[in-house]
Amino acid sequence: MLLEVQDINVHYGKIAALKGITLDVNEGEIVSLIGANGAGKTTTLKTISGLRPLTSGKVLFEGEDISKMQGHRRVRLGIGQSPEGRGVFPGMTVQENLLMGAYTRKGEFSADLEKVYGRFPRLAERKTQFAGTMSGGEQQMIAIGRALMTNPRVLLLDEPSMGLAPMLIAEIFKIIQEINADGTTVLLVEQNAQQALKISHRAYVLETGRVVKSAPGKDLLDDPQVRAAYLGGH
Ligand SMILES: Nc1ncnc2c1ncn2[C@@H]1O[C@H](COP(=O)(O)OP(=O)(O)OP(=O)(O)O)[C@@H](O)[C@H]1O
Ligand SMILES: [Mg+2]
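Criteria and cut-off values
For every chain, the first residue of the written sequence is number 1, and numbering continues from 1 along that sequence. Throughout, the order in which chains and ligands are written sets their labels, letters from A for the former and numbers from 1 for the latter. This being a predicted model, a pLDDT of at least 70 is required before a residue's local features are given, and a value of 80 or more before pairs of side-chain atoms are given or counted; all residues contribute to the totals for chains, interfaces and linings. Those domain boundaries reflect an automatic or database domain assignment. Distance between backbone-placed C-beta atoms decides contact: two residues are in contact if it is within 7 Å. Labels follow the DSSP assignment, with helices taken as runs of H or I lasting at least four residues and strands as runs of E lasting at least two, numbered in each case from the N terminus. The residue classification treats Ala, Val, Leu, Ile, Met, Phe, Trp, Tyr, Cys and Pro as nonpolar and Asp, Glu, Lys and Arg as charged. All others, Gly included, are polar. Neighbour counting defines burial: a residue surrounded by 20 or more other C-beta atoms within 10 Å of its own C-beta is buried, one with 12 or fewer is exposed, and intermediate counts give partly exposed, using backbone-placed C-beta atoms. Two strands qualify as a pair provided that DSSP identifies no fewer than 2 bridges between them. When the strands point away from the viewer, a crossover counts as right-handed if the route from the first strand across the helix to the second turns clockwise. Axis definition: a line fitted to C-alpha atoms, over the contacting stretch in the case of helices. Angles run 0 to 180 degrees between N-to-C directions. We define the nonpolar core as any set of buried residues of the types Ala, Val, Leu, Ile, Met, Phe, Trp, Tyr and Cys, connected via C-beta atoms lying within 7 Å of each other.

> What am I meant to see in the domain arrangement of the protein chain here?
Much of the literature gives interface size as the accessible area that the parts lose upon coming together. Domains assigned within the protein chain are domain 1 (1–77 + 153–233) and domain 2 (87–150). Across the contact, 11 residues belong to domain 1 and eight residues belong to domain 2. Elements that contribute at least two residues to the side of domain 1 that touches domain 2 include exactly α2 (71–77), β7 (154–158) and α7 (166–181). Of the residues belonging to the side of domain 1 that touches domain 2, the class tally is eight nonpolar, two polar and one charged.

This is the structure:
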């Protein structure tokens, strides 16, 4: 098992955001977390990447307990995160933003930079443009590209399709599948449940800090409860 989350409880002050979340991600999978606003999806990703401390429970990476490990060391182990709301550095160029992703790495990363530019030709055309002047979709590409520059074993993506036009949403989901086909495991958080479930090997449904359902993505697409709650009842 590549990534295991075991019965984690996470608090913001006295408020319990996660109440015993357990999930796992196998090498090579795309696994999605779906759920309403405030269900705990972002908190789960942040706890895995080390941005939030846990109150109890464990996070394991390749069987090793990393619950107390600092975030930058988790990045080095192979946990890459593209945060919610993009989080690019607006005053830095596209290329500088991408290189920020490689700053914890030792050794050669120019091949990875070329790979990111190959994956996102738009970024290759705009290497010297300030990230803050790129469009919303382009900034999303920068954020994903920057996470890829950490050369992750597992890529944590928080709402990569947020705020994008339908055509660009389809493009982002295609790119996620390509990244996965290239050998990177993906843990994906999405409001856009329909498309996320379509490309996911498995998915977990979160409700108010708990996992209420887990199944292969395609099964959840046909699940009446999931359809009513998260797929607009269609
Ligand atoms: N910094 C914070 N301080 C206090 N409470 C927080 C903080 N961040 C999140 N929470 C609370 O924790 C719970 C889970 O939030 P989280 O951001 O993980 O939800 P989410 O599933 O990602 O929601 P969304 O779909 O809106 O992004 C919510 O009740 C939220 O209000
Ligand atoms: Mg969120």
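> Looking at this structure, I do not really get the pairing of strand β8 (residues 185–189). What am I missing?
A regular strand carries its side chains on alternate faces of the sheet. Taken across its five residues, β8 has five buried, putting it largely inside the fold. Alternating residues of β8 divide into Thr185, Leu187 and Val189 and Val186 and Leu188, and every residue in both groups is buried. Pairing of strand β3 (residues 30–35) with β8 involves four bridges; the strand directions are parallel. In the sheet register, leucine 33 faces β8, and the bridge partner there is valine 189. The β-α-β motif built from β7, the intervening α7 and the parallel element β8 has right-handed crossover chirality.

> Help me out: how do you make sense of the environment of glycine 91 in this one?
Tracing the backbone shows glycine 91 in the loop between β6 (79–82) and α3 (94–100). The spacing of glycine 91 and threonine 133 is 42 residues in sequence and 8.9 Å in space, taken between C-alpha atoms. With near-sequence residues (within four places) excluded, glycine 91 lies in contact with Phe130 and Gly132.

> When you look at the sheet that holds strand β5 (residues 64–65) in this model, what are you seeing that I'm missing?
Ordered in space as β2-β1-β4-β5, the four strands form an open sheet in which the pairing is antiparallel. What marks the edges here is a single partner per strand, and that holds for β2 (15–25) and β5. Summarising the sheet, strand β1 (residues 3–12) and strand β4 (residues 56–61) pair through five bridges and their orientation is antiparallel. Pairing of valine 5 across the sheet is with valine 59, part of β4. The strands that helix α1 (residues 41–49) touches are β1, β2 and β4; relative to β1, the one it contacts most, it runs at about 115 degrees.

> Mind showing me how you'd approach the nonpolar core here?
What tends to happen in soluble globular proteins is that the nonpolar side chains get buried as a cluster. Counting residues in hydrophobic clusters, the biggest one holds 59 residues, and the most contacted among them are Ile142, Leu156, Leu157, Val186 and Leu188. The element that contributes the greatest number of residues to this core is helix α6 (residues 136–148), accounting for six residues. If you count residues domain by domain, this core takes at least three from each of domain 1 (1–77 + 153–233) and domain 2 (87–150). Not counting residues up to four positions away in its chain, the partners in contact with isoleucine 142 are Val88, Val94, Asn97, Leu98, Leu123, Ala131 and Met134.

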